[in-house]
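Fold and geometry: a report
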Amino acid sequence: MDGMVRVHDWSGLAKEVLGGRPITREEALAILRSADDELLEVLQAAFLIRSAYYGKKVKLNMIINAKSGLCPEDCGYCSQSIDSKAPVSKYPLLSKETILKGASEAIRRKAGTYCIVASGRRPTDHEIEQVVGAVEEIRATTDLKICCCLGFLDEQHAAKLAAAGVHRYNHNLNTSREQYPKITSTHTYEDREDTVMQVKQAGISPCSGAIFGMGESDEEAVDIAFSLKELDVDSIPCNFLHAIEGTLLAGRKELHPRQCLRLLAMMRFVNPTKEIRISGGREVNLRSLQPLGLYAANSIFVGDYLTTQGQEPTQDWDMIADLGFEIETCAL
C-alpha cells in the first residue's frame, strides 16, 4: 500500500464524480484495496452514483446460445474453445424458429434485452442472413431490445445487423492489453478493439466488458475499466471466472465475494453513467452477497449463461423485490 491513495470519505468521492470529476487510477486502485470494514461504505458510495443515473431500476437480459462449440479460438476461459475438453453441446446456428421461441422465453423471464450469442471467430455471410431474418421478425412482433454477440465483425456485417434493427452488439475485451496474450493466442486485444469500433461506426450500441479472476493484478483490473471508459461503450458486462473443468483455466479460483463487490464498485466509479451488468459467474462467485452487487451494478442476466447454469428467474425477481428495487421494462 506504500504510495497508495487512501480514501476515507467514499461518499465524498462519489459526490465529486457526480460533479463531473473523473476518478484517478490511484483512486480506482484504492477501491480494490479497501478494507473489509469499509466495504459497505464503498458500496453506498457506488450506489449514490448508480442511483443518480438509474434509480433503483434493474435491467434484465437473457442469452440464447444460438451456436455452440465448434470454435477455432483458444481462449483459456472458454468451454467452447478448440482446446477445451469440457463436455459441451456442439451444434451449428439454430433455426430462425428456435431463435424466435427464445424471444418468447425472454419475455416470460421479464427480460428487456434478448442476447443472440454464437460461438466462432466470426460469422459467415449465411449466418448473418439467418440472424438478420430472426431479428427482423422479433423487432416486428415484440418490444424486445436485441443484442448480438457473433464474434469479429467487418464493416459489411455490422451494417447489415444495424439495418435489421440490432440495438446492441457485445464483444468483450475480457482482460487488459498486457494480460491478453496469456489468455488467448489466436487473436489479439487489438482485434477485439477493432470490432467494438466497427459496431460504433455502424450506429449500434457497443457492449464490452471483462472477465475477472484470470490472473490479472489489481492494476490490470483498473486498466480494463479505464480501457472501457476510453472506448466509451454503453454497456459493461462484468464476468467473474467460472473455471470449468476441461478448460485451460480449470481449477483457478482467485476471487471471493467481497472482492467481486469491490470490482463492481470500481467499475461504477470509473464508468459512472454506463450500464454495469453482473454477468457470468455471478452465482458461484458472489454467492450469498449477490444482492449487494446491485448497489453498484444496474443490470443482470436472468436464467442460464452459455454453457453454465444460472439460478431460476424467480429467484432473481425475488432478489430485486427484496432490495426494494424494480425491474426496468425498457432495457436500453
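Residues numbered from 1 in each chain as written. Predicted model: local features only at pLDDT ≥ 70, side-chain atom pairs only at ≥ 80, totals over all residues. Heavy atoms only, no water.

Re the packing of helix H9 (residues 218–231) against helix H10 (residues 257–270)
Pairs of packed helices are described in terms of their axes, by the angle between the two and the distance that separates them. Closest axis-to-axis distance for the H9/H10 pair is 9 Å, and the angle between their directions is 35°. Crossing of H9 over H10 shows right-handed handedness. Only Gln-259, Leu-263, Met-266, Met-267 and Val-270 of H10 make contact with H9, whose side of the interface consists of Asp-218, Ala-221, Val-222, Ala-225, Phe-226, Leu-228 and Lys-229. The residue inventory of the contact of H9 with H10, partitioned by class, reads nine nonpolar, one polar and two charged. (Axes fitted to C-alpha atoms, helices over the stretch in contact; angles between N-to-C directions. Helix = DSSP H or I, 4+ residues; strand = E, 2+ residues; numbered from the N terminus. Left-handed = near helix turned anticlockwise from the far one by under 90°. Contact = heavy atoms within 4.5 Å. Nonpolar A, V, L, I, M, F, W, Y, C, P; charged D, E, K, R; others polar.)

Describing the pairing of strand S3 (residues 145–149)
The two faces of the sheet receive side chains in turn, since in a regular strand these alternate between them. With five of five residues buried, S3 is to be regarded as a mostly interior element. Residues Lys-145, Cys-147 and Cys-149 line one face of S3 and the alternating positions Ile-146 and Cys-148 line the opposite face, and both faces are buried. In this sheet, S3 lies alongside strand S2 (residues 113–118) in parallel orientation, the contact comprising five bridges. Looking at S3, one finds that Ile-116 is bridged to Cys-148. What joins S2 to S3 is helix H5 (residues 125–141), and the crossover it makes is right-handed. For S3 and strand S4 (residues 168–170), the ladder comprises two bridges, and the chain directions are parallel. Residue pairing in the sheet places Cys-148 in a bridge with Tyr-169 of S4. In terms of handedness, the path from S3 via helix H6 (residues 155–164) over to S4 forms a crossover that is right-handed. (Buried < 20%, exposed > 50% of the residue type's maximum accessible area, 1.4 Å probe, protein only. Pairing = 2+ DSSP bridges. Right-handed = clockwise from strand over helix to strand, strands pointing away.)

Thoughts on the packing of aromatic side chains
Taken as a whole, this structure holds five aromatic pairs when the rule is applied. By the ring-pair criterion, three or more aromatic residues cluster together here, those being Phe-47, Tyr-295 and Phe-325. Across from the ring centre of Trp-317, 4.2 Å away, lies the NZ or CZ of Lys-110, which sits over that ring. (Phe/Tyr/Trp six-rings, centres within 6.5 Å; stacked < 30°, edge-to-face > 60°. Lys NZ or Arg CZ within 6 Å of the ring centre and 35° of its normal.)

Looking at the environment of Arg-192
Looking at where Arg-192 falls in the secondary structure, it is placed in helix H8 (residues 189–201). Sequence separation of Arg-192 and Leu-153 is 39 residues, and the distance between their C-alpha atoms is 9.5 Å. Polar contacts involving the side chain of Arg-192 include one to the side chain of Tyr-180, which spans 2.5 Å. A polar contact is formed between the side chain of Arg-192 and the side chain of His-187, at a distance of 3.2 Å. (Polar contact = N/O pair within 3.5 Å; in protein donor to acceptor, adjacent residues only side chain to side chain.)

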